[in-house]
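Examining the three-dimensional arrangement
Here is what each chain is made of, one letter per residue.
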Amino acid sequence: MVILFVSEPPLIIYCGRIIDGEWIKLSYLGELNQSLHKAGENMLQNYSNERILDSSSRYITAIVIYKLDFDKLVWLKVESAKDRAFFLPFNFDNQSYNGFSCPASTEIEGNCVYFTLADGHKKLYSYNIEEGKLSISSPFPNLPTRKSSPIWVMPEAKHRINMEEQGSGKVQEKVNDLEDVEVANETKAHLPCLPLDMLKLIAKRLILVDYLHFRATCKMFHSVAPQIQWRIATPRLENPSLSPWLVLFGKESVYSFIDPNHGDKYLINLPQVLKEGSIIRGSKDGWLLVTVRMSTFFFNPFTQALLPLADRRAYIRNPCMGFSSTPDSSECVAVEIGDKTNNNSNFFVNLCSLGKEDWDLWEFEYTNFSFDCNSPVFYKGAFYYLGKEGNLGILKLNDEEHSFEVLTKPKPPCNDNFQKFLVECNGELLSIFVAPFEKGVRVFKLNESIMTWVRVENLGNYMLYVSHKSSMSAIAKSPGMENKIYFPRFYGESIVFYSLETDNYHSFKSKDVVDFYSTTEVLCCGWIEPRWC
Amino acid sequence: MKFCTVKQYFDDENNNNVTNGIATTVIPLPNKHLKIKANNKEMEQYEQELLRNVMPQELTKLILAANYLNFKEALDFFCRTVANAIQNKSVDYVRKFFGLESDFEPGEEEKLCKEFAWSFEGVDED
């Protein structure tokens, strides 16, 4: 079977059997790039790859892989592909053609998408599908810089299809070490068990998940430890840090949370309505702005409170969304901004508050401002955006007419090769410019009287947490956490941060400077401040 | 007077609740407490020292002893130590620690797991 797509963005595909020589027309919605996969007489899965990447953007914000189910003719999202690896070439426009997938082998690691970007093609990006993590390596340092784009070529002439391969890649069962537990139980004498009130005293001191484990031990413990709302530890025990956690939304039915201080990972089951592909768009005070296709919600994952907003009707490409304050307040406004079409003629601002029946769509004339994909900062009553060139744009919501003002001052302190983030810290507006790869981070503060960015060398007792979906500041609660910028980047299992004191990347696991190329970046994530009440 | 029960203990010879070994550990505590009353840190260090030689499982005995002797501070301390010992460990570890077996029906335990709005990854190795 051969798959052929006709136009760009591909809306119609044809598939044909080599034997019959007849083309059957299929159709599907959405913008997808396809990788052609030639198969023999046995029909095989066909993978397609969607990367959300602005044509002039220099970094990836999400990678989604779909598999075409030929029987039902639907695209199914691929969460893990242990038996395959994908290779995509991107040309100067960051468009991709003629990628391919191949079976994983000893030389090629499965479950990965490999590609290079139009930033010289010297860095190899590998994206782990199952974990949602992107890592960069530099295996071709002596590659000459050319204007043309590279293509991937597989040396073997044929792709061999194995009938057995179709069944592989399924979930592997965990081996239960039942034997070990039993041996331990036999050798150890059974202790006199404690009376119930003693157990209650112990249970009282357990927090978070330890309490749940205690409950699950046996029926007696279960009766002693009733279901409670989350307990915050007394000061003498190790405090669970309420500093921001990283929330990952790559998987469909759960969110994972990671505490950067201790490296603890928590999972939470989502309410039914969010289970089918939710995307986090912004976060503030423990609340998340979440979209499921066109539906929008405010969700507090700690209290499981879910507040629906009206469905959005206008489709905006690559939106950047945010909201002004906690949904508890009556003045909370959710905002969505972006282009509707490929041509940068006008841009749109979509606004909504809780209780309103519909979103308000406003059209603004094209100004010299390109939106980066970051969530805006609500500062002094207006939404502040940091554009691709590093200039500021302010969206003011007035009673009669909203305005969008592009500021000529302050001038961007760094060129546009940097990743940029905007954050509010201690009543002031800070901008964070991240140099590509390992080259460092610079922080600036907005001096509003003269409207320039002033370099910040030391954050004092503050810490910054940056990501595209949400960036926030917090006061350090335990020593050793202050004066650092935390990124959604991992070195092994621990979070990578940039220390303003040493001007380098570190992680809590090792004392040394972290090698940037052995870190991985998580794509679908944001920072959230845990709030249990 | 912190030790009403101690007097009773010595009077009551036929006592199964507190074995000798445990008594030697628990009884010196209040004296030390009085001496280092305000200084919490020193007390903590002393407590750590004391418990270094005690097996975690023996803690249950210590708790019973402290309870019998009506010694609130020691009881508090031992319970806290047990809580710390099972912190960040799996359910199986907790069972082993207390010498228990799960008496849940297979379906019940699964339901309990689902009941958890939260579950924990990255548990310490047992």
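Everything quoted here is computed from the prediction, not taken from an experiment.

This paragraph deals with the overall build of chain A. Per the secondary structure count, chain A includes four helices and 38 strands. Taken over 533 residues, chain A has a buried fraction of 50%. Taking as baseline every contact in chain A between residues at least 6 positions apart, the subset at least 24 positions apart corresponds to 47%. Per element, the accessible surface of chain A, about 26,800 Å² overall, is 50% carbon and sulfur.

The next subject is the side chain of A:Lys420. Residues and elements named next belong to chain A. Positionally, Lys-420 belongs in strand E28 (residues 419-425). No salt bridge is formed by the buried Lys-420; the nearest opposite charge belongs to Asp-372, separated by 4.6 Å. Among the polar contacts made by the side chain of Lys-420, one reaches the main-chain carbonyl oxygen of Lys-388 at a distance of 2.8 Å. In terms of polar contacts, Lys-420 uses its side chain to reach the backbone carbonyl oxygen of Phe-418, at 2.8 Å. Sequence-distant contacts of Lys-420, that is, excluding residues within four places in its chain, are made with Asp-372, Asn-374, Leu-386, Gly-387, Lys-388, Glu-389, Gly-390, Ile-432 and Phe-433.

All right, on to the nonpolar core then. Counting residues in hydrophobic clusters, the biggest one holds 37 residues, and the most contacted among them are A:Phe115, A:Ile432, A:Leu464 and A:Ile485. Counting residues in each nonpolar core, the second largest holds 31 residues, with B:Ile63, B:Leu69, B:Phe97 and B:Phe98 among its members.

On to the sheet that holds strand E18 (residues 295-300) of chain A, then. Residues and elements named next belong to chain A. The four strands lie next to each other as E16-E17-E18-E19, forming an open sheet whose pairing is antiparallel. Looking at strand neighbours, the two that pair on one side only are strand E16 (279-284) and strand E19 (305-308), the edges of this open sheet. With strand direction ignored, the average angle separating the axes of adjacent strands in the sheet is 25°.

Take the side chain of A:Thr519 next. Residue and element names in this part refer to chain A. Secondary-structure assignment places Thr-519 in the loop between strand E36 (504-507) and strand E37 (520-522). According to the relative accessible area criterion, Thr-519 is buried, its value standing at 1%. At 2.9 Å, the side chain of Thr-519 forms a polar contact with the side chain of Arg-489. In terms of polar contacts, Thr-519 uses its side chain to reach the backbone carbonyl oxygen of Phe-516, at 2.6 Å. In contact with Thr-519, not counting residues within four places along its chain, are Leu-134, Ser-135, Ile-136, Arg-489, Phe-490, Tyr-491, Val-496 and Val-514.

Residues and elements named next belong to chain A. For the structure on display, the rule yields 27 aromatic pairs over all chains. Judged by centre distance (5.7 Å) and plane angle (85°), the ring pair of Phe-433 and Phe-444 falls under edge-to-face. Here the residue Phe-433 occupies a position in strand E29 (residues 428-434), and Phe-444 occupies one in strand E30 (residues 441-447), the gap between them amounting to eleven residues. Accessibility classification places Phe-433 together with Phe-444 in one group, the buried group.

Residues and elements named next belong to chain A. Looking at helix H2 (residues 196-204), one finds that the buried residues are Met-198, Leu-199, Ile-202 and Ala-203. Buried residues in H2, looked at end-on, bunch into an arc of 140°, giving them a common side. Away from its buried face by more than 90 degrees, H2 exposes Lys-200 and Lys-204.

This part covers the sheet that holds strand E22 (residues 346-353) of chain A. Residue and element names in this part refer to chain A. Spatially, E20-E21-E22-E23 is the arrangement adopted by the four strands of the open sheet, whose pairing is antiparallel. The sheet is open, and its two edges are formed by strand E20 (317-323) and strand E23 (360-365), each paired on a single side. The mean angle between the axes of side-by-side strands here comes to 20°, regardless of whether they run parallel or antiparallel. In terms of strand pairing, E20 meets strand E21 (residues 333-339) through five bridges, oriented antiparallel. Its bridge partner being in E21, Phe-323 is matched across the sheet by Ala-334.

On to the pairing of E28(A), then. Residues and elements named next belong to chain A. Most of E28 sits inside the fold, with five of its seven residues counted as buried. Where E28 lies against E29, seven bridges are found, and the strand directions are antiparallel. Within the sheet, the bridge partner assigned to Glu-424 lies in E29 and is Leu-429. Linking two consecutive strands that pair antiparallel, namely E28 and E29, is a turn of two residues; a positive phi of about 55° is found at Asn-426 within it.

The subject of this paragraph is unusual backbone geometry. The phi torsion of most residues other than glycine is negative, and most of the peptide bonds are trans. Residue and element names in this part refer to chain A. Across the junction of Lys-409 and Pro-410, the peptide omega takes the value 10°, indicating a cis bond. Phi is positive for Asn-426, which is not a glycine, with a value near 55°. Structurally, Asn-426 can be placed in the loop between E28 and E29. One non-glycine residue, Asn-483, lies in positive phi territory at about 60°. For Asn-483, a relative accessible area of 7% gives the class buried.

Attention shifts here to the pairing of E16(A). Regular strands place side chains that alternate from one sheet face to the opposite one. All names here are of chain A. Pairing of E16 with strand E17 (residues 287-292) involves five bridges; the strand directions are antiparallel. Residue Lys-284 lies in a different strand from E17, and its bridge partner there is Trp-287. Linking E16 to E17, which pair antiparallel, is a turn of two residues; within it Asp-285 sits at a positive phi near 50°.

Before going further, it helps to spend a moment on the pattern of salt bridges. Between side chains of opposite charge, pairing is possible as soon as their charged atoms come close. Residue and element names in this part refer to chain A. In this structure the tally under the stated criterion is eight salt bridges over all chains. The closest approach of N and O atoms between Glu-336 and Arg-312, which form a salt bridge, is 2.8 Å. With Glu-336 in strand E21 and Arg-312 in the loop between E19 and E20, this residue pair connects regions lying 24 residues apart in the sequence. Note on accessibility: Glu-336 and Arg-312 belong to one class, buried.

Here we come to the environment of A:Glu438. All names here are of chain A. Here Glu-438 shows up in the loop between E29 and E30. Along the primary structure Glu-438 and Val-514 are separated by 76 residues, whereas in three dimensions their C-alpha atoms are 9.6 Å apart. When neighbours within four sequence positions are excluded, Glu-438 is seen to be in contact with Tyr-505, Phe-516 and Tyr-517.

Let us look at helix H7 (residues 91-98) of chain B. Along H7(B), six of the eight residues are buried, which leaves the element largely enclosed by surrounding structure. Looking at H7(B), one finds that the buried residues are B:Val91, B:Tyr93, B:Val94, B:Arg95, B:Phe97 and B:Phe98.

All names here are of chain A. Mean pLDDT over chain A: 74, with 70% of residues reaching 70 or higher. The lowest-confidence element of chain A is strand E4 (residues 33-34), averaging 34 in pLDDT; the highest-confidence one is strand E32 (residues 462-465), averaging 94. Segment residues 232-241 is flagged for pLDDT under 50; beyond a separation of four residues in sequence, or across chains, it makes 20 contacts in the model.

Conventions used here
Residues numbered from 1 in each chain as written. Chains lettered and ligands numbered in written order. Predicted model: local features only at pLDDT ≥ 70, side-chain atom pairs only at ≥ 80, totals over all residues. Heavy atoms only, no water. Helix = DSSP H or I, 4+ residues; strand = E, 2+ residues; numbered from the N terminus. Buried < 20%, exposed > 50% of the residue type's maximum accessible area, 1.4 Å probe, protein only. Contact = heavy atoms within 4.5 Å. Areas by Shrake-Rupley, 256 points an atom, 1.4 Å probe, with all protein chains shown as cover. Lys, Arg positive; Asp, Glu negative; His and termini not counted. Salt bridge = Lys/Arg side-chain N within 4 Å of Asp/Glu carboxyl O. Polar contact = N/O pair within 3.5 Å; in protein donor to acceptor, adjacent residues only side chain to side chain. Core = buried A, V, L, I, M, F, W, Y, C linked by side-chain atoms within 4.5 Å. Pairing = 2+ DSSP bridges. Axes fitted to C-alpha atoms, helices over the stretch in contact; angles between N-to-C directions. Phe/Tyr/Trp six-rings, centres within 6.5 Å; stacked < 30°, edge-to-face > 60°. Arc of directions from axis to C-beta. pLDDT = per-residue confidence, 0-100.

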